Amino acid sequence: MNASTTDFNDRMLSLGLARVSEAAAHASARLIGRGDEKAADQAAVNAMREQLNMLDIKGVVVIGEGERDEAPMLFIGEEVGSGEGPEVDIALDPLEGTTLTAKDMPNALTVIAMAPRGTLLHAPDVYMDKLAVGPGYAKDVVSLDMSPSERVHALAKAGGVRPEDITVCILERPRHEEMIAEVRATGAAIRLITDGDVAGVMHVAEPEKTGIDMYMGSGGAPEGVLAASALKCMGGQMWGRLMFRNDDERARAAKAGITDLNRIYTRDEMVTADVIFSATGVTNGSIVKGLRREPNFIETETILMRSKTGSVRRMIYRNPIR
């Protein structure tokens, strides 16, 4: 019997979602360290799409590889799945960290999230100013309207520690140079990352493991929705504000149905219902281990999470090489 279109059975769908991220990771395995970002991304896209179309869902890609005219597959608005089963929104990044993969650097992931139709923010492909902290803090302990130094002091006070005990994760970009200097002036430490800000945000949810207390800075808005999906499962707070550099980007927002261009979105406004999230390691990182190749098999680690139950699974998948 087919599932109702309103029956989002996250428990049953979650393992299928894990297979999707695992397939994308496996497909990119042979391209780790080969210096070809496009080939690595395309291999992951092909595998992810093939696996998605095996799931009994009526899926629509709301966060994907780009607009229809920019991406031949997994474009925004593309319908995926068998066409049977629940109607769902899908946010994905078949290879979060194409440069990291091409250079064999840490924290490259394949990432996908799924939620009931109409519950994931249709973020246009623009920048988003992001701020995230882990679980255990009072609501709105920090905000995007604070300066970087005010955020550090507020978080330190809330945690009963000194600013020197806070570590902030920031994407290493020229646009963040002033922010980096201001954070360092408080005495706080900074973990700079070169790419992969979905993993960067996820770090705050496991500070004992990663050493990261707060994430801040601008990056892709689509990645912001994926990161919010992860934090909804893992715990923690996140805020995002879209940034527009020109009329073309403002037009993209209008096309996505966004009218308030200055709105600050909370985690639960970016992801308004229960969500499932899966990420598989491509290169070694602090969230999951990277692919391990042996003569006869490839081994991956996947983190699979459901916000409804707060469950976090870590799964090792060993797949024979045929």
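Everything below is about the structure shown above.
None of these values were measured; they are calculated from a predicted model.

Thresholds applied
- Residues numbered from 1 in each chain as written.
- Predicted model: local features only at pLDDT ≥ 70, side-chain atom pairs only at ≥ 80, totals over all residues.
- Heavy atoms only, no water.
- Axes fitted to C-alpha atoms, helices over the stretch in contact; angles between N-to-C directions.
- Helix = DSSP H or I, 4+ residues; strand = E, 2+ residues; numbered from the N terminus.
- Left-handed = near helix turned anticlockwise from the far one by under 90°.
- Contact = heavy atoms within 4.5 Å.
- Nonpolar A, V, L, I, M, F, W, Y, C, P; charged D, E, K, R; others polar.
- Salt bridge = Lys/Arg side-chain N within 4 Å of Asp/Glu carboxyl O.
- Buried < 20%, exposed > 50% of the residue type's maximum accessible area, 1.4 Å probe, protein only.
- Core = buried A, V, L, I, M, F, W, Y, C linked by side-chain atoms within 4.5 Å.
- Domains from an automatic or database assignment.

### Re the packing of helix 4 (residues 148-159) against helix 5 (residues 177-185)
Then comes step 1: With their axes 8 Å apart at the nearest point, helix 4 and helix 5 run at an angle of 35° to one another. Of the two possible hands of crossing, helix 4 and helix 5 adopt the one that is right-handed. Contacts between helix 4 and helix 5 involve Pro-148, Ser-149, Arg-151 and Val-152 from the former and Met-179, Glu-182 and Val-183 from the latter.
Then comes step 2: A per-class count over the contact of helix 4 with helix 5 returns 4 nonpolar, 1 polar and 2 charged.

### Some points on the pattern of salt bridges
Then comes step 1: Across all of its chains, the model carries 19 salt bridges by this definition.
Then comes step 2: A salt bridge links Glu-87 to Arg-117; the shortest N-O distance between them is 3.9 Å. Of the two residues, Glu-87 is situated in strand 3 (residues 87-96) and Arg-117 in the loop between strand 4 (109-116) and strand 5 (127-133); the sequence distance between them amounts to 30 residues.
Then comes step 3: The partly exposed category is assigned to Glu-87, whose relative accessible area is 33%.
Then comes step 4: For Arg-117, a relative accessible area of 35% corresponds to the partly exposed category.
Then comes step 5: Here Arg-245 makes a salt bridge to Glu-249, at a shortest N to O gap of 2.6 Å.
Then comes step 6: Within the structure, one salt-bridge network assembled from shared partners comprises Arg-292, Glu-294, Glu-299 and Arg-318.

### Details of the nonpolar core
Then comes step 1: Counting 49 residues, the largest nonpolar core has Met-202 and Phe-277 as the members making the most contacts within it.
Then comes step 2: When residues in this core are grouped by element, the largest group, 9 residues, is from helix 8 (residues 221-234).
Then comes step 3: Residues lining this core come from more than one domain, with at least three contributed by each of domain 1 (10-117 + 275-320) and domain 2 (127-270).
Then comes step 4: By size, the runner-up hydrophobic cluster in this structure holds 33 residues, among which are Val-20, Leu-31, Leu-74 and Ala-108.

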